[in-house]
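Structural overview for review
Listed here are the chains, written in short residue letters.
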Amino acid sequence: MSELALFSLSEEHKMIREAARDFAQNEIVPIAAEFDESGEFPHATIRKMGGMGFMGIEIPEEYGGVGMDTLAYVLALEEICRADASHGVIMSVNNSLYCHGIMKFGTEEQKQKFVTPVASGKSIGAYSLTEPQSGSDAGTMKSRARRDGDSYVLNGRKSWVTSGPVADYYVVFMMTDPEKRQKGVTAFLVEAGTPGLTRGKKEPKLGIRASATSELIFENCRVPAANRLGAEGEGFKIAMTVLDAGRIGIATQALGIAEAAYEAARRYAVEREAFGQPIGAFQGTGFKIADMKTRIEASRLLIYNAAMAKEKSKQDGRRYSLEASMAKLFASETAMYVTHQAVQIHGGLGYSRELPIERYFRDAKITEIYEGTSEIQRLVISRSELGLK
Ligand code: CAA
């Protein structure tokens, strides 16, 4: 992997990248195929990643994290995703969709209670916005939360919740005032095991099979009013703000997958011979390698830039939606392009389950879908550029 001339990494950045690389290559690479096959959740390695501080990289130490910056988070996540995208998304959701939102919008008590166990890696967090009938158009959710004395009563069905079947805590978005559409959405923190909350069946998926995804069903689920995150009606903004951070994580996941597939294809293009020369010497393959490498490096630049924009936002509060959406859009489409070409370069071997290439290809697809499809990223970018929102 080449170093980017534009970003000079500090010693701390290099150290966390090395630690994540060593861990990923030694502990995750050897088990990734087995967990992809079984679809089991990799509890043991996730616990170890928690012990290494990977579940709360940007979270201050007093709340269980390691207090580093967004670039450090991205560098570590890139290494984990290069080894296995399932481990990567579990790490990404814990860090950004879950911890980041509570740190930004939560009370002191909420940070202590809901961030500390997750950032320290002892527990798992999840984020629940989507419903069976509302994905991209997130403001049309049907789930309802009604205030009742010192608590709220939650009813509805949420879908596609990453880590849904295994999480200890959930950030959940529900309507408190349906007439106001987006401005009637409120966020809540819900503990697993709360009466009235049932976790639906685990979804059978094409890729990221070791990451567990499910529905959540709320039937008169009562949570204390103290578990409301932000004010009533502030939920949609919280959901969107948090997704900006999440999208940097998914862009990084896409980058990691693309890098792994590229590295395998590059090696194979040198080793494999046909018609008396390495297949990379044929322009048909060599130019593929050139395009794969160029798109990967462009993705990294967009991602590191989005990470810097998020870091700056901690000081000036400026939104970095544009940078995050461009990074996710470009990196996820690059992951699809690169994994597709990697299968092609490997020929029959690329199609075989004996090698990880077909897993990279299957894992890449989700990065164009979750945390906002490529179409939604284009909507965010075009609205921003045209000044329509
Ligand atoms: N940050 C802060 N505020 C934001 C914002 C952002 N990024 N984006 C929008 N808002 C605010 C707007 O400013 C507006 O507030 P005001 O009226 O006060 O100005 C309000 O939110 C409504 O905004 P819009 O009118 O733009 O809302 P919209 O209904 O047109 O939707 C959208 C905009 C970009 C399409 C949005 O709905 C969206 O991102 N949809 C995709 C949802 C998504 O990514 N879902 C994935 C869920 S998570 C997942 O995949 C599962 C998992 O577990 C990983």
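Residues numbered from 1 in each chain as written. Predicted model: local features only at pLDDT ≥ 70, side-chain atom pairs only at ≥ 80, totals over all residues. Heavy atoms only, no water.

Here's the deal with the site of the ligand
Here is the rule we go by: Nearness is defined per residue: one heavy atom within 4 Å of the molecule or strand is enough. A 3.5 Å cut-off defines polar contacts: any pair of N or O atoms within that distance qualifies, except that in protein one atom must be a possible hydrogen donor and the other a possible acceptor, and neighbouring residues in sequence count only when both atoms are side-chain atoms. Using the Shrake-Rupley algorithm and a 1.4 Å probe, accessible areas are obtained, with residue cover drawn only from the displayed protein chains. A helix here means a DSSP run of H or I that spans at least four residues, while a strand means a run of E at least two residues long, and both kinds are numbered starting from the N terminus.
Taken together, 26 residues lie around the ligand, and Ser 136, Gln 182, Lys 183, Asp 244 and Glu 371 are the ones closest in. At 2.8 Å from a nitrogen atom of the ligand is found a main-chain nitrogen or oxygen belonging to Ser 136. Contacts to the ligand include Arg 383, whose side-chain N or O atom sits 3.1 Å from an oxygen atom. Within the complex, 81% of the 1100 Å² of free accessible area of the ligand lies under protein. Those elements that provide at least two residues to the shell around the ligand are strand 3 (151–162), helix 6 (235–271) and helix 11 (374–386). A per-element tally of the shell around the ligand places helix 6 first, with seven residues.

Focus on helix 2 (residues 43–51)
For clarity, the threshold we go by: Categorising residues by exposure relies on relative accessible area from a 1.4 Å probe, with only protein chains included: less than 20% of the type maximum marks a residue as buried, more than 50% marks it as exposed, and the intermediate range marks it as partly exposed. The arc in question is traced by the directions running from the helix axis to the C-beta atoms. Note on contacts: a residue pair is in contact if any heavy atoms of the two residues lie within 4.5 Å.
All of the buried residues in helix 2 are Thr 45, Ile 46, Met 49 and Gly 50. The buried residues of helix 2 occupy one face: seen down the axis, they fall within an arc of 150°. Turned more than 90 degrees from where helix 2 packs its buried face, Arg 47 and Gly 51 sit exposed. Lining the buried residues of helix 2 we find helix 1 (11–38), helix 3 (70–83) and helix 4 (85–105). Two residues or fewer after helix 2 comes Gly 53, characterised by a positive phi angle close to 90°.

Topic: the domain arrangement of the protein chain
As a reminder, the rule being used: Domain start and end points were adopted from an automatic or database domain assignment. Accessible area that two parts lose when put together, with a 1.4 Å probe and added across both, is what the buried area reports.
As assigned here, the protein chain comprises domain 1 (11–124), domain 2 (126–233) and domain 3 (236–386). Summarising the inter-unit geometry, the C-alpha centres of domain 1 and domain 3 are found 20 Å apart. Taken together, the contact between domain 1 and domain 3 spans 27 residues of the former and 31 residues of the latter. Summed over both partners, the interface of domain 1 with domain 3 comes to about 2400 Å²; 62% of that surface belongs to carbon and sulfur atoms.

Quick notes on the environment of Thr 116
Inspection of the secondary structure puts Thr 116 in helix 5 (residues 108–119). For the pair Thr 116 and Lys 180, spaced 64 residues apart in the sequence, the C-alpha separation amounts to 34 Å. Leave out the neighbours within four places in its chain, and Thr 116 touches Glu 62, Tyr 63, Gly 64 and Lys 111. Polar side-chain contacts of Thr 116 include one of 3.0 Å to the backbone oxygen of Gln 112.

Focus: a negative patch on the surface
Stated formally: Each patch is built from salt-bridge-free residues with over 30% relative accessible area, joining like charges within 9 Å and nonpolar side chains (Val, Leu, Ile, Met, Phe, Trp, Tyr) within 5 Å. Just to be clear on terms, a salt bridge is a Lys or Arg side-chain nitrogen sitting within 4 Å of an Asp or Glu carboxyl oxygen. His is not counted, nor are the chain ends; Lys and Arg add positive charge and Asp and Glu add negative charge. Think of each charge as sitting on NZ of Lys, CZ of Arg, CG of Asp or CD of Glu.
Residues Glu 61, Glu 62, Glu 108 and Glu 109 make up a contiguous surface patch of negative charge. Here Glu 109 shows up in helix 5. When its relative accessible area of 58% is taken as the criterion, Glu 109 is described as exposed.

Brief notes about helix 4
Quick reminder of the rule: Here, expected helix span is obtained from the residue count minus one, scaled by 1.5 Å. A residue's bend is the angle separating two fitted axes: one through the seven residues that end there, the other through the seven that start there.
Under the 1.5 Å per step criterion, the end-to-end length of helix 4 is 28 Å for 21 residues, consistent within 8% with the ideal 30 Å. The sharpest bend along helix 4 comes to roughly 40°, located at Cys 99.

Some thoughts on the packing of aromatic side chains
Let me state the cut-off plainly: Planes of paired rings set the category: under 30 degrees apart is stacked, over 60 is edge-to-face and the rest tilted, where pairs are Phe, Tyr or Trp rings (Trp by its six-membered ring) whose centres lie within 6.5 Å. The rule for a charge over a ring is simple: NZ of Lys or CZ of Arg within 6 Å of the ring centre, and within 35 degrees of the ring normal.
Considering all chains together, one arrives at five aromatic pairs under this definition. Lys 104 extends its terminal NZ or CZ atom over the ring of Phe 105, reaching a point 6.0 Å from the ring centre. Between the NZ or CZ atom of Arg 295 and the centre of the ring of Tyr 337, over which it lies, the distance is 3.7 Å.

Comments concerning the pattern of salt bridges
Inspection of the entire model under this criterion finds 31 salt bridges. Across the salt bridge formed by Arg 82 and Glu 79, the nearest N and O atoms sit 2.8 Å from each other. On the criterion of helical spacing, the pair formed by Arg 82 and Glu 79 is a turn pair, its members being three residues apart in helix 3. Judged by its relative accessible area of 18%, Arg 82 falls in the buried class. What makes Glu 79 buried here is its relative accessible area of 0%. As a salt-bridge pair, Glu 358 and Arg 362 come within 2.8 Å of each other at their nearest N and O atoms. One end of the pair, Glu 358, and the other, Arg 362, are both in helix 10 (residues 357–365), four residues apart, so they sit about a helical turn from each other. Summarising the burial analysis for this pair, Glu 358 and Arg 362 share the class buried.

Some thoughts on the pairing of strand 7 (residues 213–224)
Here is the rule we go by: When DSSP locates at least two bridges between a pair of strands, those strands are taken to pair.
Across nine bridges, the pairing between strand 3 and strand 7 is antiparallel. If you follow Ser 151 over to strand 7, its bridge partner there is Pro 224. Pairing of strand 6 (residues 197–202) with strand 7, which is carried by four bridges, proceeds in the antiparallel orientation. Its bridge partner lying in strand 7, Thr 198 is registered against Ile 217.

Observations concerning the side chain of Lys 205
Along the polypeptide, Lys 205 turns up in the loop between strand 6 and strand 7. Among the polar contacts made by the side chain of Lys 205, one reaches the side chain of Thr 213 at a distance of 3.0 Å. Filtering out sequence-adjacent residues up to four positions away, Lys 205 remains in contact with Ser 211, Ala 212 and Thr 213.

Comments concerning the environment of Ala 245
Relative to the helices and strands, Ala 245 is located in helix 6. Taking relative accessible area as the criterion, Ala 245 reaches 2% and is therefore assigned buried. As for Ala 245 and Ala 324, which are separated by 79 residues in sequence, their C-alpha atoms are 7.2 Å apart. For Ala 245, the residues in contact, after removing those within four places along its chain, are Ser 96, His 100, Lys 310 and Tyr 320.

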